[in-house]
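This is what each chain is made of:
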Amino acid sequence: MRKLFADFFRNFKLKKLRTKISLILVAVLYVFIVTVCLVRVEVEFTSPGTVTRVSQVIEINGDADDEDDSKVYTVSVYSKTKISLAQYFISKYFDKNIDVRLVDHEDSAYTVSERDKMDVYAKKQSIQDSLIVAYNYAKDEGKDIELVYSYMGVCVCAIPANYYGTGPESLMIGDVVTAIGDKEITSMNVFREIVEFYYDEYLKDNKVTIPVIKLLRNGKEVTLNACNAKVVANLGGYSKASKENNEIRVNEYYFYDYYQINYATSNPSISIQNYNTVGPSGGLMMSLYIYNALT
């Protein structure tokens, strides 16, 4: 390697002045291009995305011979956080359809990777709720249909990791809490009552101990014997603050009732295809499509 560089500089000295200047300019340009492509900035951009036919995501297998003529779509945008300098300049000055804004991740409750996970589970919740709502409405109209599903617990969709440490020993995004202590989680209200109780205890004694928490993590039963007490206790405080509005969003936390749906044994059966969008905003259009397909 040393010999290679020595030969390069030896040959460089022998070049004409014009050639030297050209090589230097090319080298500077190369370094500049590499720099603007690799250096990341705390900026997020959002641009027009695409439309997706709902039947490409959710397939209701009522009659395979029926052609889908519903033409119900969801609309999405493209979004990226911590973009390169090159992406920033292009999106900022060359396309008016792209929204660019500064992001201060140090002040954010969530890490970038955590926000991505949140959007994934928000999509799962959206599909779940759309199926339940549409099937129940269609069944109430006397249709011979049945959605086979059962309540599993409360799913963790968001926890502010920048405020409270999360990890295998504590609650994580995607966990489905099935029991706290000897109390089984049978609804969101039961979950609220439990965490509010520990919040009150936490105010009296900072050394409050959270009992065993049982949950499903990646489909496996997991028991947390030493969960972060501060996380669980503060859930109760935020839960109380939002209780009057009957919200399930508790400040920077988000939970939802998680149901296990048996797609194969439901009537008509359901098939969920691979999808490349995230977030909850397509829920209404999915509900309309499912209801239309059932009725």
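Residues numbered from 1 in each chain as written. Predicted model: local features only at pLDDT ≥ 70, side-chain atom pairs only at ≥ 80, totals over all residues. Heavy atoms only, no water.

1. Some remarks on the overall build of the protein chain
For step 1, the next point in the chain: Secondary structure assignment for the protein chain yields seven helices and twelve strands.
For step 2, the next point in the chain: The buried share of the protein chain, taken over its 295 residues, is 37%.
For step 3, the next point in the chain: In the protein chain, of all internal contacts separated by at least 6 residues, the share reaching a separation of at least 24 is 76%.
For step 4, the next point in the chain: Surface summary for the protein chain: the accessible area is close to 18500 Å², and the carbon and sulfur share equals 53%. (Helix = DSSP H or I, 4+ residues; strand = E, 2+ residues; numbered from the N terminus. Buried < 20%, exposed > 50% of the residue type's maximum accessible area, 1.4 Å probe, protein only. Contact = heavy atoms within 4.5 Å. Areas by Shrake-Rupley, 256 points an atom, 1.4 Å probe, with all protein chains shown as cover.)

2. A short note on unusual backbone geometry
What you tend to see is this: most non-glycine residues have negative phi, and most peptide bonds are trans.
For step 1, the next point in the chain: Residue Pro-268 is bonded to the preceding Asn-267 through a cis peptide linkage, with omega at -5°.
For step 2, the next point in the chain: Residues other than glycine seldom take positive phi values, yet Asn-218 does so here, at roughly 55°.
For step 3, the next point in the chain: With respect to the element layout, Asn-218 can be found in the loop between strand E8 (213–217) and strand E9 (220–224).
For step 4, the next point in the chain: By relative accessible area, Asn-218 is classed as exposed at 72%.

3. Examining the nonpolar core
For step 1, the next point in the chain: Formed by 19 residues in total, the largest nonpolar core has its most connected members in Ile-58, Ile-60, Leu-131, Tyr-135 and Ile-290.
For step 2, the next point in the chain: Contributing elements (two or more residues each) for this core: strand E2 (58–61), helix H4 (112–140) and helix H7 (283–294).
For step 3, the next point in the chain: Per-element tally for this core: the top contributor is H4, with six residues. (Core = buried A, V, L, I, M, F, W, Y, C linked by side-chain atoms within 4.5 Å.)

4. Description of the environment of Phe-89
For step 1, the next point in the chain: Assignment of secondary structure puts Phe-89 in helix H3 (residues 85–93).
For step 2, the next point in the chain: In this structure Phe-89 comes out as partly exposed when scored by relative accessible area, which is 41%.
For step 3, the next point in the chain: The spatial distance from the C-alpha of Phe-89 to the C-alpha of Val-36 is 9.3 Å, given a sequence separation of 53 residues.

5. Topic: the pairing of E8
For step 1, the next point in the chain: Among the five residues of E8, four are classified as buried, and the element is accordingly described as predominantly covered.
For step 2, the next point in the chain: As paired elements, strand E6 (residues 176–180) and E8 share four bridges and run antiparallel to each other. Pairing of Ile-180 across the sheet is with Ile-213, part of E8.
For step 3, the next point in the chain: The sheet contact formed by E8 and E9 spans five bridges and is antiparallel. Within E9, the residue paired with Ile-213 across the bridge is Leu-224.
For step 4, the next point in the chain: Hairpin connection from E8 to E9: two residues lie between these consecutive antiparallel strands, with Asn-218 at a positive phi of about 55°. (Pairing = 2+ DSSP bridges.)

6. Here's the deal with the confidence of the model for the protein chain
Any segment with low pLDDT has predicted coordinates that should not be analysed in fine detail.
For step 1, the next point in the chain: On average, residues of the protein chain score 80 in pLDDT, and 77% of them reach the 70 mark or higher.
For step 2, the next point in the chain: Considering only residues more than four positions removed or in separate chains, one finds that residues 246–250, a stretch of pLDDT under 50, has 15 contacts. (pLDDT = per-residue confidence, 0-100.)

7. Structural notes on the packing of aromatic side chains
For step 1, the next point in the chain: For the structure shown, the criterion picks out five aromatic pairs.
For step 2, the next point in the chain: Judged by centre distance (6.2 Å) and plane angle (25°), the ring pair of Phe-89 and Tyr-93 falls under stacked. With a gap of four residues between them, Phe-89 and Tyr-93 both fall in helix H3, about one helical turn apart.
For step 3, the next point in the chain: Residue class for Tyr-93 comes out exposed when judged on its relative accessible area of 56%.
For step 4, the next point in the chain: Among the aromatic residues, those joined into a ring-pair cluster are Tyr-88, Phe-89 and Tyr-93. (Phe/Tyr/Trp six-rings, centres within 6.5 Å; stacked < 30°, edge-to-face > 60°.)

8. A closer look at the sheet that holds strand E3 (residues 73–81)
For step 1, the next point in the chain: Spatially, three strands are ordered E3-E1-E4 in an open sheet, and the strand pairing comes out antiparallel. Strand pairing shows two members of the sheet lacking a second neighbour, E3 and strand E4 (99–102), which therefore form its edges. Neighbour-to-neighbour, the strand axes of the sheet open up by a mean angle of 30°, direction not taken into account.
For step 2, the next point in the chain: Where strand E1 (residues 43–53) meets E4, four bridges bridge the pair, whose relative direction is antiparallel. Looking at the pairing, Phe-45 lines up with Val-100 of E4. (Axes fitted to C-alpha atoms, helices over the stretch in contact; angles between N-to-C directions.)

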